[in-house]
2 protein chains.
Amino acid sequence: MTATIKDVAKLAGVSPSTVSRVIANSSRISEKTKKKVRDAMKQLGYHPNMIARSLASQTTQTIGLVAASSNDLVFQNPFFPTVLRGISEGAHEKQYSLHMTTGKTEREIYEDVVKMVQGRRVDGLILLYSKVEDPVLGYLMERNFPFVVIGKPFKHVEEITHVDNDNFRAAKDVTKHLVDLGHERIAFVGGNLNFVVTVDRVLGYEKALRDVGIEMRNEYVVHEEFVREGGQEAMKELLSLDEPPTALVVADDLMALGVLNTLNEIGMRVPEDISVVSFNNVMLAEMSRPPLTSVDINIFDLGFESARNLIQMIENPKEPVKRIIIPHNLVKRDSCGPLEFSNPNQMVQF
Amino acid sequence: MTATIKDVAKLAGVSPSTVSRVIANSSRISEKTKKKVRDAMKQLGYHPNMIARSLASQTTQTIGLVAASSNDLVFQNPFFPTVLRGISEGAHEKQYSLHMTTGKTEREIYEDVVKMVQGRRVDGLILLYSKVEDPVLGYLMERNFPFVVIGKPFKHVEEITHVDNDNFRAAKDVTKHLVDLGHERIAFVGGNLNFVVTVDRVLGYEKALRDVGIEMRNEYVVHEEFVREGGQEAMKELLSLDEPPTALVVADDLMALGVLNTLNEIGMRVPEDISVVSFNNVMLAEMSRPPLTSVDINIFDLGFESARNLIQMIENPKEPVKRIIIPHNLVKRDSCGPLEFSNPNQMVQF
DNA sequence: TTGTACGCGTTATCAT
DNA sequence: ATGATAACGCGTACAA
């Protein structure tokens, strides 16, 4: 059916191994022979069978992608396509392909991983998330299989190559920014605490407050899985406190959009009545009303560097463990204002 | 290193072929032997080498995904993760894996496809887009390789299995909806005409107008690649016509969000001054201000059905060509109002 | 510089 | 019901 290496060999009048060497562009083949063989390949429309090659060479030139459960926020979030684009570009550069998990539950995903690894379908893995308890990590470390984590591993940080932002610092910076604007009653609206990124951002938020001697209040920290449902309730509760916050640090642009809507519904103006900052700086941040002040975490680079570094690990097994920190920077738009603008004692009508 | 079928055979005291049969759960193996073999597999932590299996069986249990150039709108759009989730679920159901292209340019993507097909890495392909001129289509048809298109093929519609919405009808419905609200000056704001979906939607829009005898105006149809840059200009031009439209049919929620922003900037209220409807009904539609009236095209199902049908084609080569139409429905929110609300003759200040 | 022969880990055919 | 043997298409020592 399809031409194989043998067909090419026959047509070119050489042995199969010579053809193989021409494919690998071996320096020990004369230019004349190379040309002959290449002509034959063209003529037959030959393309190497990657499966056979993989079996023989014990390498697939393929990177496996492990996404968190598609039930999770991650998949709805513009974060995903962007990081994927980064990975894609990093992989393409070195001629690697991408293979994806399809599992939904944690259990299914674990099985996908085993199947990729033991099934020898991939040379390495990128974990697109980092959560607090993750059986996949143990499995991979135990087998000493090349992988990199996007985000900060919860345990074994020193032993796992990962690509991350300094989320602690970013949250600290952003909170400090609000403090500098005069705010003292600053609340944190976060996501699932099972994700390490959320933990880091809460901690950074708390540190900033401690640094300037602002008292922490438990009722100022809310965690909602997602904003559309329970989020509204949580927001209303937060804002009906005796001393409602004058500023909000929101863990994610998408959540912030929900927050903005809720605020709008209950008649609070941003930034006049309350300031909002968030993270990720996806396109949405720019397109929301008002445009969101947001921390740009360079999502594309997170993906791109993961791919690059994973490939290095694959091609050089002695590569040392690395921590790559992608820089972030605050993009100021219109969702934050100085405290004197806000009127924290106004009555909020529900 | 890793246990192979031979190791299992040795430990279980049977031949490799018996182990292979146990894996396939062949009915011609005694339960006793099966148990013996399975115990050995557990004990060794055996998992089949999918690469070797693929080489021997000439099948990969893998679906290839072809995304349009990542430069295109597609990747930025929430459409992508959602359709991917659908595909993922459809594939998972039948134990298929996913393999992705990484190319950016049209040329690179074409090469990715060839590599997947001739490299025998995948059993079939899903094209996540449909454009007017696409060399990939010709290549696949010529080789008679199983594939399905998401969207409507521009040519050879009868010969290509595809999963699509009735975009013509949807656009017609939505335009009619505006007409029913009393609008007559209805403009169409579309995307890249190289995508068939755009073409279909314009045509539906035009048909609706013709049906009710409203005169078509060329200046009422604008096509902008994307909304953030040139889109603003186009919008302003559109709205400064002598007789500006009182309603807009926008080809996509993301574009509609941009449109909403532009309208907001130039001080036009939605829906009081102008009505807006769009397509896709992604989460954004719900979260924008005002919430967008949008055609829900059931993106997830587009993906899910593509995967299902592709797998059918793979497993039954005589499967007839199919056209699967995923239903759509108009989700009415707050971005459309009756004509009497709008004031088409107001002066617009820039 | 090129060819021969074997192995990669399975599945499939043909015996028994 | 099970085993031996030959593919599957390619890479690579080893030979020449």
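Starting afresh in each chain, residues are numbered from 1 along the sequence in its written order. For naming, the first written chain is A and the first written ligand is 1, with later ones following in the order written. pLDDT decides what is reported in this predicted model: residues at 70 or higher carry local features, side-chain atom pairs at 80 or more are listed and counted, and totals for whole chains, interfaces and linings draw on all residues regardless. Hydrogens are left out, water is left out, and the side-chain values use all remaining heavy atoms of the structure.

Chemist: Quick question: what am I supposed to make of the protein's contact with DNA strand C here?
Modeler: Surveying the vicinity of DNA strand C reveals 24 residues, the closest of which are S17(A), T18(A), R21(A), T33(A) and S20(B). One heavy atom within 4 Å of a molecule or strand is enough for the residue carrying it to be called near that molecule or strand. What you see for DNA strand C is that sugar and phosphate hold 62% of its atoms within 4 Å of the protein. In protein, a polar contact requires one atom able to donate a hydrogen and another able to accept it; more generally it is a pair of N or O atoms within 3.5 Å, and residues adjacent in sequence count only if both atoms are side-chain atoms. One of the side-chain N or O atoms of S17(A) is found 3.2 Å from a base oxygen in DNA strand C. Here a base oxygen of DNA strand C sits 3.5 Å away from a polar atom, N or O, in the main chain of A56(A). Those elements that place two or more of their residues in the surface near DNA strand C are α2 (16–23) and α4 (50–57) of chain A together with α2 (16–23) and α4 (50–57) of chain B. Secondary structure elements are defined from DSSP: runs of H or I of at least 4 residues count as helices, runs of E of at least 2 residues count as strands, and each element is numbered from the N terminus.

Chemist: Would you mind showing me how to read the interface of chain A and chain B here?
Modeler: Accessible area lost when the parts come together is the quantity often used to give the size of an interface. When checking whether two residues touch, look at their non-hydrogen atoms; a contact exists if any pair is within 4.5 Å. Contact residues are listed per partner, giving 57 residues for chain A and 57 residues for chain B. Carbon and sulfur atoms make up 59% of the area that chain A and chain B hide from each other, which totals about 5400 Å². Two parts placed together each lose some accessible area under a 1.4 Å probe, and adding up what both lose gives the buried area. When the area that chain A buries against chain B is broken down by residue, the three leading residues are I51(A), T102(A) and M287(A), summing to 13%. A side-chain nitrogen of Lys or Arg and a carboxyl oxygen of Asp or Glu constitute a salt bridge if their distance falls within 4 Å. Our count for the chain A to chain B interface comes out at four salt bridges. When the shortest N-O distance is used, the salt bridge between K104(B) and E89(A) registers 3.3 Å. Connecting chain A to chain B are 24 residue pairs in polar contact (both at pLDDT 80 or more). Secondary structure elements with two or more residues in the side of chain A that touches chain B: α4, α5 (79–93), β2 (97–100), α6 (106–118), α10 (227–239), α11 (253–265) and α12 (283–287) of chain A. By residue number, the principal contributor to the side of chain A that touches chain B is α5(A), which donates seven residues.

Chemist: Looking at this structure, I do not really get the UniProt feature "domain: HTH lacI-type" (unreviewed entry) in chain A. What am I missing?
Modeler: UniProt positions are given in the numbering used here, feature names are shortened, and annotations may be inferred rather than shown by experiment. The UniProt feature table records "domain: HTH lacI-type" (unreviewed entry) at residues 3–57 of chain A. The distance from the first to the last C-alpha atom of residues 3–57 of chain A is 20 Å, and the span holds 69% helix and 0% strand.

Chemist: Help me out: how do you make sense of the pairing of strand β10 (residues 293–296) of chain B in this one?
Modeler: Regular strands place side chains that alternate from one sheet face to the opposite one. Residue and element names in this part refer to chain B. Relative accessibility under 20% of the residue-type maximum defines a buried residue, over 50% an exposed one, and the middle range a partly exposed one, all with a 1.4 Å probe and only protein chains included. Residue alternation in β10 divides its side chains into two sets, T293 and V295 and S294 and D296, and both sets are buried. Pairing between strand β9 (residues 275–280) and β10: four bridges, direction parallel. Looking at β10, one finds that V277 is bridged to T293. Paired strands, in this sense, are two strands between which DSSP finds at least two bridges. Bridging between β10 and strand β12 (residues 329–331) involves three bridges; their strand directions are antiparallel. Bridge pairing links V295 to L330 in β12.

Chemist: Can you walk me through the protein's contact with DNA strand D in this structure?
Modeler: In the neighbourhood of DNA strand D, 23 residues make up the surrounding shell, with I5(A), Y46(A), T18(B), R21(B) and T33(B) lying closest. Interatomic distance of 2.9 Å between a backbone N/O atom of S30(B) and a phosphate oxygen of DNA strand D. Of all the secondary structure elements, the ones that give two or more residues to the surface near DNA strand D are α2 and α4 of chain A together with α2 and α4 of chain B. Here the residues of the surface near DNA strand D sort into nine nonpolar, 10 polar and four charged. Gly is put with the polar residues, along with every residue not named as nonpolar or charged; the nonpolar set is Ala, Val, Leu, Ile, Met, Phe, Trp, Tyr, Cys and Pro, and the charged set is Asp, Glu, Lys and Arg.

Chemist: For this particular structure, what's the right way to read the side chain of K34(A)?
Modeler: Residue and element names in this part refer to chain A. Mapping K34 onto the fold places it in helix α3 (residues 31–44). Using a relative accessible area of 5% as the deciding quantity, one classes K34 as buried. If we ignore the near neighbours within four places in the chain, the residues touching K34 are V22, N25, S26 and I29.

Chemist: What is the right way to read the sheet that holds strand β1 (residues 62–66) of chain B from this model?
Modeler: One key point about sheets: their strands pair by backbone hydrogen bonds, in either a parallel or an antiparallel sense. Read across the open sheet, the 12 strands follow the order β11(A)-β5(A)-β4(A)-β3(A)-β1(A)-β2(A)-β2(B)-β1(B)-β3(B)-β4(B)-β5(B)-β11(B); overall the sheet is mixed. This sheet does not close on itself; its edge strands, each paired only once, are β11 (323–326) of chain A together with β11 (323–326) of chain B. In this sheet, neighbouring strand axes are inclined to one another by 25° on average, regardless of whether the strands run parallel or antiparallel. Relative to strand β5 (residues 162–165) of chain A, strand β4 (residues 147–150) of chain A runs parallel, the two sharing two bridges. Its bridge partner being in β5(A), V149(A) is matched across the sheet by H162(A). The axes are straight lines fitted to the C-alpha atoms, using for helices just the contacting stretch, and the angles between their N-to-C directions are given from 0 to 180°. Strand contacts of helix α13 (residues 299–315) of chain A: β1 (62–66), β3 (124–127), β4, β5 and β11 of chain A, with the helix running at about 165° to β4(A), the strand carrying the most contacts.

Chemist: So what exactly am I meant to see when it comes to α4(A) here?
Modeler: Owing to its 3.6 residues per turn, the α-helix aligns residues three or four sequence positions apart on the same side. Among all positions in α4(A), only M50(A), I51(A) and S54(A) are buried. Viewed end-on, α4(A) has its buried residues packed into an arc of 100°, placing them on one side of the element. Buried residues belonging to α4(A) abut α4 and α7 (106–118) of chain B. Of the residues flanking the start of α4(A), the one acting as N-cap is N49(A), its side-chain oxygen 2.9 Å from the backbone nitrogen of I51(A). Positive backbone phi, approximately 60°, marks Q58(A), located one or two places after α4(A). The directions considered for the arc are those from the helix axis to the C-beta atoms.

Chemist: Can you walk me through the relation of the copies chain A and chain B in this structure?
Modeler: Note: a rotation about an axis with an accompanying shift along it relates these two copies of the chain. At an RMSD of 0.0 Å, chain A and chain B line up after a rotation of 180° and a shift of 0.0 Å along the axis. Overall, the copies show the geometry of a two-fold rotation axis. Taking the C-alpha atom as reference, chain A places H99(A) closest to the rotation axis, 2.3 Å from it. In this assembly the copies share their binding face: 100% of the residues contributing to the interface of chain A also contribute to that of chain B. Superposition of the copies was done by least squares, using only C-alpha atoms of residues whose pLDDT is at least 70 in both.

Chemist: How should I be thinking about the sheet that holds strand β8 (residues 247–250) of chain A in this particular structure?
Modeler: Residue and element names in this part refer to chain A. One open sheet accounts for six strands, arranged β7-β6-β8-β9-β10-β12; its pairing is mixed. Every other strand in the sheet has two partners, leaving β7 (221–223) and β12 (329–331) as the edge strands with one partner each. On average, each strand axis in the sheet is tilted by 20° relative to the strand beside it, whichever way the strands run. Sheet contacts for α11: β6 (186–190), β8, β9 (275–280) and β10 (293–296); angle to β9, the most-contacted strand, approximately 160°.

Chemist: Explain the domain arrangement of chain A here, please?
Modeler: All the domain ranges listed were derived from an automatic or database domain assignment. Here chain A is partitioned into domain 1 (5–34 + 43–48), domain 2 (62–165 + 299–328) and domain 3 (167–296 + 331–341). The centre of domain 1 of chain A, based on its C-alpha atoms, is set 36 Å off from the matching centre of domain 2 of chain A.

Chemist: Explain the environment of N298(A) here, please?
Modeler: All names here are of chain A. Mapped onto the secondary structure, N298 falls in the loop between β10 and α13. Here N298 falls in the partly exposed class, since its relative accessible area comes to 22%. Along the sequence, N298 and N165 sit 133 residues apart, while their C-alpha atoms lie 8.6 Å from each other. In this structure N298 touches I326, P327 and H328, once residues within four positions along its chain are discounted. Engagement of the side chain of N298 in a polar contact is seen with the backbone oxygen of P327, the distance being 2.7 Å.

Chemist: How should the UniProt feature "domain: HTH cro/C1-type" (unreviewed entry) in chain A be read in this particular structure?
Modeler: Per the UniProt record, "domain: HTH cro/C1-type" (unreviewed entry) is annotated on residues 4–47 of chain A. For residues 4–47 of chain A, the end-to-end C-alpha separation is 8 Å, with 68% helix and 0% strand making up the annotated structure.

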